[in-house]
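# Results of the structural survey
Each chain, letter by letter, is given below.
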Amino acid sequence: FTLSRLIQGDVGSGKTLVAFFAALRIIDWGGQCVILSPTELLARQHAENASKLLSPLGINPSFLTGNIKAKGRNQLLNSIKNGETQLIIGTHALFSKNVQYKNLQLAIVDEQHRFGVIQRNFIKEKCAIPNILMMSATPIPQTLALTVFGDLDISTIKTMPKGRLPIKTHLTKPGNESHVYETVRKELQNGNQAYFVYPMIENLSDDEENPNYSNPSKKIKNAVEMFEHLSKNVYPEFKCGLIHSKVDEDEQNKILKDFKDGKINIIVATTVVEVGVDVPNATCMVIEQAERFGLAALHQLRGRVGRGAKQSYCFLIYGANLTEIGKQ
């Protein structure tokens, strides 16, 4: 058979678990399976979850990204080539030229909207039987068009796991940030955790060539400055961590592990936490200058909370001069 199917379901609805079941069937038939993720952070999390759930069944997933060092990489590539490794989880390194599979029968593409057509075709070319399973909470229009005009089937997960409560979303105008900060403080005092997300890592240099230099109201908030402000001035009694794409990968993983273990109360970040970060104890998502993010990004970010049984909140703090349509 040839599978070409999109699984769509809200953030946290259980798409990854469905993917693992599909992988088990292929492995049971003697084939290999890959799970392709857009970021190393997400790929690593999938690998950890797969190892925890599948290793009792005798399946030990391998993890492959561009950052795997040469010695370990060659050993891993050999085990993939001779079929010893049945489940391989990683980034776009999975379809690089030097990666050869013995009998790849299923490619699972997570966060499908993050990959282009050519990238998806590269992985398809590696398959002995080109079975493709795509997953997304925010599928792109081009993909949905394929369900009508192409050969793409669609499955929808309509329900959430038992015990999940709808996330309460609040729109907050500029100047009212302190109300949001105090609401978050109460959650933190109750032992919960929070994310603060910003549109930039650092600000443009404050010089006269910067068009926002003389207009502070247009200044874009950034993660580095707000991390300093939040950790020193707003929440000095709580432990904060900073994550963005310029932070070393190992450091990112350490901060996220500490966050998951409850050693860090607040993560200040850019959209690097948009996909895959799963911490059930996090109940607050604060997105500042929310009008600078796309709808798909906002939806994915909001999905980082509400992953446990507790009531969760998302606060969208918007910038000045937002139109009524923008607010809607």
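Data block above holds the structure.
Here we summarise the structure given alongside this text.

Taking 1.5 Å as the rise per residue, helix α3 (residues 70–81) with 12 residues should run 16 Å; its terminal C-alpha atoms sit 16 Å apart, in good agreement. Those residues of α3 hidden inside the fold are in contact with β2 (32–36), β3 (62–64) and β4 (87–90). The positive-phi residue at the C-terminal boundary of α3 is Gly83, with phi of around 85°.

Structurally, the position occupied by Val275 is in the loop between β11 (266–269) and β12 (282–288). When the C-alpha positions of Val275 and Ile317 are compared, they lie 21 Å apart, and in sequence the two are 42 residues distant. Apart from the residues lying within four places of it in its own chain, the contact partners of Val275 are Thr39, Leu42, Glu111, Arg114, Gln300 and Arg304.

What follows concerns the layout of surface pockets. Computed from the structure, the largest pocket encloses a volume of approximately 630 Å³. Secondary-structure elements contributing two or more residues to the lining of the largest pocket are α1 (15–28) and α2 (40–54). Of the residues contributing to the lining of the largest pocket, the split by class is 8 nonpolar, 9 polar and 9 charged. Computed from the structure, the second largest pocket encloses a volume of approximately 380 Å³. In this structure, the second largest pocket is lined by 18 residues; those nearest its centre are Leu295, Leu298, Leu316, Gly326 and Lys327.

Here we take up the pattern of salt bridges. This structure, assessed with the given rule, holds 12 salt bridges. Between Arg185 and Glu182 there is a salt bridge, and its shortest N-O distance comes to 3.2 Å. Of this pair, Arg185 and Glu182 both sit in helix α6 (residues 177–189), 3 residues apart, roughly one helical turn. Relative accessible area serves as the criterion here: at 15%, Arg185 is assigned to the buried category.

So, about the packing of α2 against helix α8 (residues 249–260). Taken N-terminus to C-terminus, the directions of α2 and α8 make an angle of 50°; their axes are 11 Å apart at the nearest point. Overall, the two elements α2 and α8 adopt an arrangement that is oblique. In terms of crossing hand, the pair formed by α2 and α8 is right-handed. Residue-level contacts link Glu40, Leu41, Arg44 and Gln45 of α2 to Glu249, Gln252, Asn253, Leu256 and Lys260 of α8. Its residues assigned to classes, the contact of α2 with α8 shows 2 nonpolar, 3 polar and 4 charged.

The next point concerns the nonpolar core. Ranked by internal contacts, the top residues of the largest apolar core, which has 24 residues, are Tyr195, Ile267, Met285 and Ile287. At the level of secondary structure, the elements contributing two or more residues to this core comprise β9 (193–197), α8, β11, β12, α9 (295–302) and β13 (313–317). Setting aside its immediate chain neighbours within four residues, Met285 contacts Tyr195, Val197, Leu301, Arg302, Arg304, Val305, Tyr313, Cys314 and Phe315. Judged by nonpolar contacts, the second largest core, of 23 residues, contains Ala223, Cys284, Val286 and Phe315.

Looking now at the pairing of β9. Across the 5 residues that make up β9, a large majority, 5, are buried. Alternating positions in β9 separate into two faces, Gln193, Tyr195 and Val197 on one and Ala194 and Phe196 on the other, with burial throughout. Judged from the 5 bridges that link them, β9 and β12 form a sheet pairing that is parallel. Each residue of the ladder has a partner; that of Gln193, found in β12, is Ala282. Bridge analysis of β9 against β11 gives 4 bridges, and the strand direction is parallel. From the neighbouring strand, Tyr195 faces β11, where its bridge partner is Ile267.

With that settled, the discussion passes to the packing of aromatic side chains. Under the definition given, this model contains 6 aromatic pairs. For the pair Tyr313 and Phe315, a centre-to-centre distance of 6.4 Å together with 20° between the ring planes defines the contact as stacked. The burial state of Tyr313 is the same as that of Phe315; both residues are buried. Through a chain of ring-to-ring contacts, three or more aromatic side chains come together here, namely Tyr181, Phe196, Tyr235 and Phe238.

This part takes up the sheet that holds β9. With respect to topology, 6 strands assemble into an open sheet ordered β8-β13-β12-β9-β11-β10, the strand pairing being parallel. Two strands close off the open sheet at either side, each with one partner strand: β8 (168–172) and β10 (240–243). The average undirected angle you get between the axes of adjacent strands in this sheet is 15°. Along the sheet face, helix α7 (residues 223–234) touches β9, β10, β11 and β12 and points at about 180° away from the line of β10. Contacting β9, β10, β11 and β12, α8 runs over the sheet at an angle of about 145° to β10.

Reading the values: rules and limits
- Residues numbered from 1 in each chain as written.
- Predicted model: local features only at pLDDT ≥ 70, side-chain atom pairs only at ≥ 80, totals over all residues.
- Heavy atoms only, no water.
- Helix = DSSP H or I, 4+ residues; strand = E, 2+ residues; numbered from the N terminus.
- Expected span 1.5 Å × (residues − 1).
- Contact = heavy atoms within 4.5 Å.
- 1 Å grid on protein atoms, 1.4 Å probe; cavity = no way out; pocket = protein on both sides within 12 Å on 5 of 7 lines; lining within 4 Å.
- Points joined across faces, edges and corners; volume = space filled by probe spheres on them.
- Nonpolar A, V, L, I, M, F, W, Y, C, P; charged D, E, K, R; others polar.
- Salt bridge = Lys/Arg side-chain N within 4 Å of Asp/Glu carboxyl O.
- Buried < 20%, exposed > 50% of the residue type's maximum accessible area, 1.4 Å probe, protein only.
- Axes fitted to C-alpha atoms, helices over the stretch in contact; angles between N-to-C directions.
- Parallel < 35°, antiparallel > 145°, perpendicular 65-115°, else oblique.
- Left-handed = near helix turned anticlockwise from the far one by under 90°.
- Core = buried A, V, L, I, M, F, W, Y, C linked by side-chain atoms within 4.5 Å.
- Pairing = 2+ DSSP bridges.
- Phe/Tyr/Trp six-rings, centres within 6.5 Å; stacked < 30°, edge-to-face > 60°.

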